[in-house]
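Residue strings, one per chain:
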Amino acid sequence: VPKGPEKDILIFLRSCDLHAVKRLDQIYLQNGVEDFYYARVREREKFILMGCESTCASGFCVSMGTNQSDNYDAYVKVDQDTVYMDVKCSQLNAEICAEAMTTEEIKVAEVTPDFVTENKEKVTLPKNLSNASFTDEIWQEYGARCIKCGRCNFVCPTCTCFTMQDIFYRDNANVGERRRVWASCQIDGYTEMAGGHGFRKSQGDRMRFKVMHKIYDFEKRFGYPMCVGCGRCDDVCPEYISYSNCVNRLAKEESES
């Protein structure tokens, strides 16, 4: 889709991912100072929603209220050899309608998105978390299993942490660049400061920070949890540490206390 000298970016995603974009916008655009690098890409993005006819194995989007979305630019549904599209964005609509006139496989019509109404995995969020939850032994139990690979962070659609790297060029020692790169709060070195000091050195502390940030800190500040229930962190963990089970355990211990 042309837009000046550049083109818009079409991103195909699920409902939970579309809700994750709201979380990213909250951090990068509505958190006091607008992030220039994020904003210049964000304004070019168009979101194409893909429906979910059935639940995934580890997702719990229904529990998080992220299983349905209506703020998409277009919805696409594939039925055998035919593609049906409900297009809300006027710019996209003109382009897609023009393309649809040249092929019988694309149908532009009002089509109801497919949304799941029940997941195999269900999560109960704790209702009265407090700073006391930061000292529970649960974190040390999970920390003993964690190998600090950071995979849970890198697949999470709502993780926003980054770090800076200075790159020096071998062909000219006087030239280089400073790059902003994705980072993980679960790996060594992320919180290190001058003098070798660092926060959250144990894996239990890092696990606590990640989980509490997703369901407590972020919600306390912005009014809704950061986690969207995609379940990808459970899928990729090589030690089978389940984020959803951890949250359910916190809720259970809270109800029993």
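For the structure itself, look to the data block above.
None of these values were measured; they are calculated from a predicted model. (Residues numbered from 1 in each chain as written. Predicted model: local features only at pLDDT ≥ 70, side-chain atom pairs only at ≥ 80, totals over all residues. Heavy atoms only, no water.)

Enquirer: How should the state of the cysteines be read in this particular structure?
Expert: Simply put, disulfide is the name for a covalent bond between the sulfur atoms of two cysteines. Going through the model one piece at a time under the given rule, you end up with zero disulfides. The thiol of Cys-61 is unpaired, and the distance to the nearest cysteine sulfur, on Cys-16, comes to 6.2 Å. No disulfide involves Cys-161; its nearest neighbouring cysteine sulfur is the one of Cys-185, lying 5.5 Å away. Residue Cys-161 is classed as partly exposed on the basis of its relative accessible area, which comes to 25%. (Disulfide = S-S within 2.5 Å. Buried < 20%, exposed > 50% of the residue type's maximum accessible area, 1.4 Å probe, protein only.)

Enquirer: Looking at this structure, I do not really get unusual backbone geometry. What am I missing?
Expert: The phi torsion of most residues other than glycine is negative, and most of the peptide bonds are trans. Phi at Lys-148 is positive, roughly 50°, even though this residue is not glycine. Tracing the sequence through the fold places Lys-148 in the loop between α5 (138–143) and α6 (151–155). (Helix = DSSP H or I, 4+ residues; strand = E, 2+ residues; numbered from the N terminus.)

Enquirer: Is there a simple way to think about the packing of aromatic side chains in this case?
Expert: Aromatic ring pairs are defined here through the distance separating the ring centres and the angle between the ring planes. For the structure shown, the criterion picks out six aromatic pairs. A ring pair is formed by Phe-36 and Tyr-37, whose centres lie 5.3 Å apart and whose planes are at 75°; its orientation type is edge-to-face. Taking the relative accessible area as the measure of exposure, Tyr-37 reaches 49% and is therefore partly exposed. Grouped by ring-pair contacts, the aromatic residues Phe-218, Phe-222 and Tyr-224 constitute a single cluster. Stacked on the ring of Tyr-72, the Lys or Arg Lys-88 has its end atom at 4.2 Å from the ring centre. (Phe/Tyr/Trp six-rings, centres within 6.5 Å; stacked < 30°, edge-to-face > 60°. Lys NZ or Arg CZ within 6 Å of the ring centre and 35° of its normal.)

Enquirer: Looking at this structure, I do not really get helix α7 (residues 203–222). What am I missing?
Expert: An α-helical turn contains 3.6 residues, so any two residues separated by three or four positions project in the same direction. Its 20 residues give α7 an end-to-end C-alpha distance of 27 Å, which sits within 8% of 28 Å, the value for a rise of 1.5 Å per residue. Helix geometry: α7 is bent most strongly at His-213, by close to 60°. Residue Gly-223 follows α7 closely and has a positive phi angle near 95°. (Expected span 1.5 Å × (residues − 1). Bend = angle between axes of the 7 residues up to and from the residue.)

Enquirer: Sorry if this is basic, but what is going on with the packing of α7 against helix α9 (residues 243–256) here?
Expert: Geometrically, a packed helix pair is captured by the angle between its two axes and the distance between the axes. In contact at an axis separation of 11 Å, α7 and α9 are set at 75° when each is read in the N-to-C sense. The orientation of α7 relative to α9 falls into the category roughly perpendicular. Where α7 abuts α9, its residues Met-207, Val-211, Lys-214 and Ile-215 lie against Tyr-243, Cys-246, Val-247 and Leu-250. Its residues assigned to classes, the contact of α7 with α9 shows seven nonpolar, no polar and one charged. (Axes fitted to C-alpha atoms, helices over the stretch in contact; angles between N-to-C directions. Parallel < 35°, antiparallel > 145°, perpendicular 65-115°, else oblique. Contact = heavy atoms within 4.5 Å. Nonpolar A, V, L, I, M, F, W, Y, C, P; charged D, E, K, R; others polar.)

Enquirer: Hey, could you run me through the pairing of strand β8 (residues 162–169) in this one?
Expert: On a regular strand, each side chain points to the face opposite its neighbour's, so the side chains alternate between the two faces of the sheet. Looking at chain direction, β8 and strand β9 (residues 172–182) are connected through eight bridges and run antiparallel. Looking at the pairing, Tyr-169 lines up with Asn-172 of β9. (Pairing = 2+ DSSP bridges.)

Enquirer: It is not clear to me how empty space enclosed by the protein should be interpreted in this structure. Could you clarify?
Expert: To find the voids left in a structure, one rolls a probe of water-molecule size over its atoms. Inspection of every chain in the model, using the stated rule, returns two cavities of 30 Å³ or more. In this model, the largest cavity occupies a volume close to 170 Å³. Lining the largest cavity are 18 residues; nearest its centre among them are Cys-146, Cys-152, Lys-210, Cys-237 and Ile-241. Looking at the lining of the largest cavity, the elements with two or more residues in it are α6, α7 and α8 (232–236). Considering each element in turn, the lining of the largest cavity owes the most residues, three residues, to α8. Considered class by class, the residues forming the lining of the largest cavity number 11 nonpolar, two polar and five charged. Counted as a void, the second largest cavity has a volume near 140 Å³. Along the wall of the second largest cavity there are 15 residues; nearest its centre are Cys-156, Lys-214, Cys-227, Cys-233 and Tyr-243. Among the residues forming the lining of the second largest cavity, the class breakdown is nine nonpolar, four polar and two charged. (1 Å grid on protein atoms, 1.4 Å probe; cavity = no way out; pocket = protein on both sides within 12 Å on 5 of 7 lines; lining within 4 Å. Points joined across faces, edges and corners; volume = space filled by probe spheres on them.)

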